[in-house]
Amino acid sequence: MPEKPQPLKHRLKQRIEAGGPITVEAFMEAALTDPDDGYYTQRLPIGAAGDFITAPEICQIFGELIGLWIAEVWQTMGAPDKFRLIELGPGRGTLMNDALRALAVAPDALKAAELHLVELSAPLRAVQRATLAKAPIAPIWQNRFEDVPTGPAIIIANEFVDALPIRQFVRLESGWHERCVGLAKEDALIFTHCETPLDDPEKLIPTKLRSAAIGSIIELRPAARHLIAEIAARARMAATAVLIIDYGHVRSAPGDTLQGVRKHRYADPLEHPGETDLTAHVDFAALSDRASTEGLAVYGPLPQGQFLLSLGLAERAERLAAGATPQQAALLSSSARRLVDPAQMGELFKVLAIATGNNPPPPFT
Ligand SMILES: C[S@@+](CC[C@H](N)C(=O)[O-])C[C@H]1O[C@@H](n2cnc3c(N)ncnc32)[C@H](O)[C@@H]1O
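Values in this document were obtained by computation on a predicted structure and should not be read as measured data. Per-chain numbering applies: the sequence of each chain, read as written, is numbered from 1 onward. With the structure being a predicted model, the display of local features is reserved for residues of pLDDT at least 70 and the display and counting of side-chain atom pairs for 80 or more, all residues being used for whole-chain, interface and lining totals. Side-chain figures throughout are based on the complete set of non-hydrogen atoms in the structure, without hydrogens or water.

**Q** Could you give me a rundown of the nonpolar core, with the residues and numbers involved?
**A** In terms of nonpolar packing, the biggest core is built from 53 residues, with Trp 69, Ile 70, Leu 100 and Leu 339 touching the most fellow members. Looking at which element gives the most residues to this core, the answer is helix α5 (residues 60-76), with nine residues. For this analysis, residues touch if any pair of their heavy atoms sits within 4.5 Å. Contacts of Ile 70, omitting those with residues within four sequence positions, involve Phe 83, Leu 85, Ala 99, Leu 103, Ile 154 and Ile 156. We call a set of buried residues a nonpolar core when its members are Ala, Val, Leu, Ile, Met, Phe, Trp, Tyr or Cys and they connect through side-chain atoms within 4.5 Å of each other. The classification of residues rests on relative accessible area computed with a 1.4 Å probe and restricted to protein chains. Under 20% of the type maximum is buried, over 50% is exposed, and intermediate values are partly exposed. A run of H or I in DSSP becomes a helix once it reaches four residues, and a run of E becomes a strand once it reaches two; helices and strands are each numbered from the N terminus.

**Q** A description of the site of the ligand should follow, citing residues and the corresponding values.
**A** Taken together, 17 residues form the shell around the ligand, and within it Thr 54, Gly 89, Gly 91, Glu 119 and Asn 158 come nearest. In protein, a polar contact requires one atom able to donate a hydrogen and another able to accept it; more generally it is a pair of N or O atoms within 3.5 Å, and residues adjacent in sequence count only if both atoms are side-chain atoms. Note that an oxygen atom of the ligand is positioned 2.6 Å from one of the side-chain N or O atoms of Thr 54. With respect to the ligand, the side chain of Glu 119 contributes an N or O atom lying 2.5 Å from an oxygen atom. Isolated, the ligand exposes 590 Å² of accessible area, and the fraction of that covered by the protein chains is 93%. For this classification, the nonpolar set comprises Ala, Val, Leu, Ile, Met, Phe, Trp, Tyr, Cys and Pro, the charged set comprises Asp, Glu, Lys and Arg, and every other residue, Gly included, is treated as polar. Tallied by class, residues from the shell around the ligand come to nine nonpolar, five polar and three charged. We call a residue near a molecule or strand when any one of its heavy atoms sits within 4 Å of it. For every accessible area listed, the method is Shrake-Rupley and the probe measures 1.4 Å; residues are considered covered only by the protein chains on display.

**Q** Tell me about the side chain of Ser 216, and please be specific about residues and values.
**A** One can find Ser 216 in the loop between α9 (201-204) and β9 (217-220). Looking at Ser 216, its side chain comes within polar contact range of the main-chain oxygen of Ala 213, at 2.6 Å. Those residues within four positions of Ser 216 in sequence are excluded, and the remaining contacts are Phe 169, Val 170, Arg 171, Trp 176 and Pro 254.

**Q** Let's hear about the packing of aromatic side chains: which residues, and what values?
**A** Aromatic rings in a pair are described by how distant their centres are and how their planes are angled relative to each other. The criterion for an aromatic pair is that two Phe, Tyr or Trp rings (for Trp, the six-membered ring) have centres within 6.5 Å, with stacked assigned to planes under 30 degrees apart, edge-to-face to planes over 60 apart and tilted to the rest. Per the counting criterion, the structure on display carries four aromatic pairs. A centroid spacing of 6.0 Å and a plane angle of 40° characterise the contact between Tyr 247 and Phe 349, whose relative ring orientation is tilted. Of this pair, Tyr 247 sits in strand β10 (residues 240-249) while Phe 349 sits in strand β16 (residues 349-355), placing them 102 residues apart in sequence. With relative accessibility at 6%, the residue Tyr 247 sits in the buried group. Assessed through its relative accessible area of 9%, Phe 349 is described here as buried. Here the aromatic rings of Tyr 299 and Phe 364 are separated by 6.3 Å at their centres, their planes lie at 45°, and the arrangement is tilted. Here the residue Tyr 299 occupies a position in strand β15 (residues 297-303), and Phe 364 occupies one in the segment after β16, the gap between them amounting to 65 residues. Accessibility expressed as a relative area gives 14% for Phe 364, which makes it buried.

As C-alpha cells, this is what we get:
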C-alpha cells in the first residue's frame with residue numbers, strides 16, 4: 001500500500017535540505033504547532049480515539065479538587081471581587097468543567113471569576129466550547145498567556161509545560177553541541193548535532209550539568225522560562241497563584257526524555273511529525289529555580305498522589321460511590337486509584353505551586 005502523504009514531514013525535509021539540520025526545539029515546535037499541519041492545530045489528541053489520556057479525563061475528582069483548591073486560594077488572596085481564572089492548555093475542557101461545578105460551593109468566588117482559556121488548537125477550542133456550554137461562566141479564549149489582561153489571577157496548567165518545545169545539547173570531546181534533526185542518506189529524518197560546539201557553554205548549560213560525562217544529553221526549555229517570567233511580571237502587579245501539574249523529575253539531570261506517543265503507544269518522535277504527540281519530562285528543579293530567581297514563592301513539587309489525597313480524594317471518592325451503582329463505584333475506585341497510585345500516575349506526576357503573599361496554598365501548608 002502506498003504511504004500516506006505527510007505534508008509536514010515533506011516540508012521539514014525541504015527545509016533541512018535547503019538550510020541544514022534544524023534544532024530539536026525548531027522540530028518540536030513545527031511538529032506540534034505548525035499552523036497548517038501541526039499536531040495540536042489539526043487533531044483531537046486526547047481520549048480513547050486519540051493518542052493519550054490525561055488525569056481529568058480519567059476521573060472527575062481531579063478537576064473537582066482543583067475547583068476546591070481555587071476556592072481556598074481565592075479566600076487566601078483576600079477574596080478579590082474580580083480575578084482571572086486562567087487555564088493554560090485546557091484540552092477537552094473537562095478539568096475546568098469539573099472545577100467550576102465544585103466551585104459552586106463558593107458562589108462569591110464563582111461570581112468574581114473571569115474565565116480565560118489559553119488554547120492554540122482550533123479543534124480543541126470547539127470541544128472546550130461544547131464541554132463548557134452549560135458552565136456558570138462563559139470562557140474567553142486567548143492564543144497566548146500574554147494576551148490575558150493583568151490583575152489578580154489563579155492559573156492552572158495540567159500537562160501543558162511538557163508540550164512546550166525543548167532544546168537539547170550533547171556533550172562531545174569537542175564541547176557542548178546543540179542537538180538537531182537532519183536528513184540521513186536514505187532520506188529519513190535523524191537526530192544529529194550542530195558541527196560547531198557552543199562557544200559560551202557557561203551561559204547556557206547549567207553549572208551542575210556542565211561536567212556531565214561525554215555522550216550526555218541535557219535539556220532546556222526556553223518557553224517554560226518565558227512562562228515563569230510572564231507569571232513573575234503579573235505577580236509583581238497583582239495577587240497571583242499558579243498550579244503546575246505535569247510529569248517530570250525533581251532534580252535536574254542529564255538524559256534524553258523527548259518522547260513520541262501515537263494511538264496510546266510510544267512512537268518514534270521523527271517518524272510522523274504532526275501526527276505524533278511529542279513531549280519531554282518537565283524539569284521541576286529548573287522551574288523552581290527560575291521562579292525563585294524571579295522572586296516568586298514556590299511550593300513543592302509534591303507527588304500528584306500526595307497532593308490529591310491531601311485535598312480529600314479518598315473522601316470524595318467514597319461520597320460519590322455511596323450514590324453510585326456497583327459498576328460505577330468500581331470504575332470510580334479504579335480511576336481514582338490510577339491518579340494516586342505510585343506505580344501509575346501518583347509519583348511520576350508532580351504538583352508545583354507558586355503564590356504571592358505569605359500564605360502557602362493548600363496542601364503545602
Ligand atoms: C497534553 S494536552 C493537556 C490538556 C488538558 N490540560 C488536560 O489535562 O486534559 C496540552 C494542551 O495544551 C495545548 N497547547 C499546547 N501547546 C500550546 C501552546 N504553545 N499554547 C497554547 N496551548 C497549547 C494543547 O492544545 C492542549 O490543549
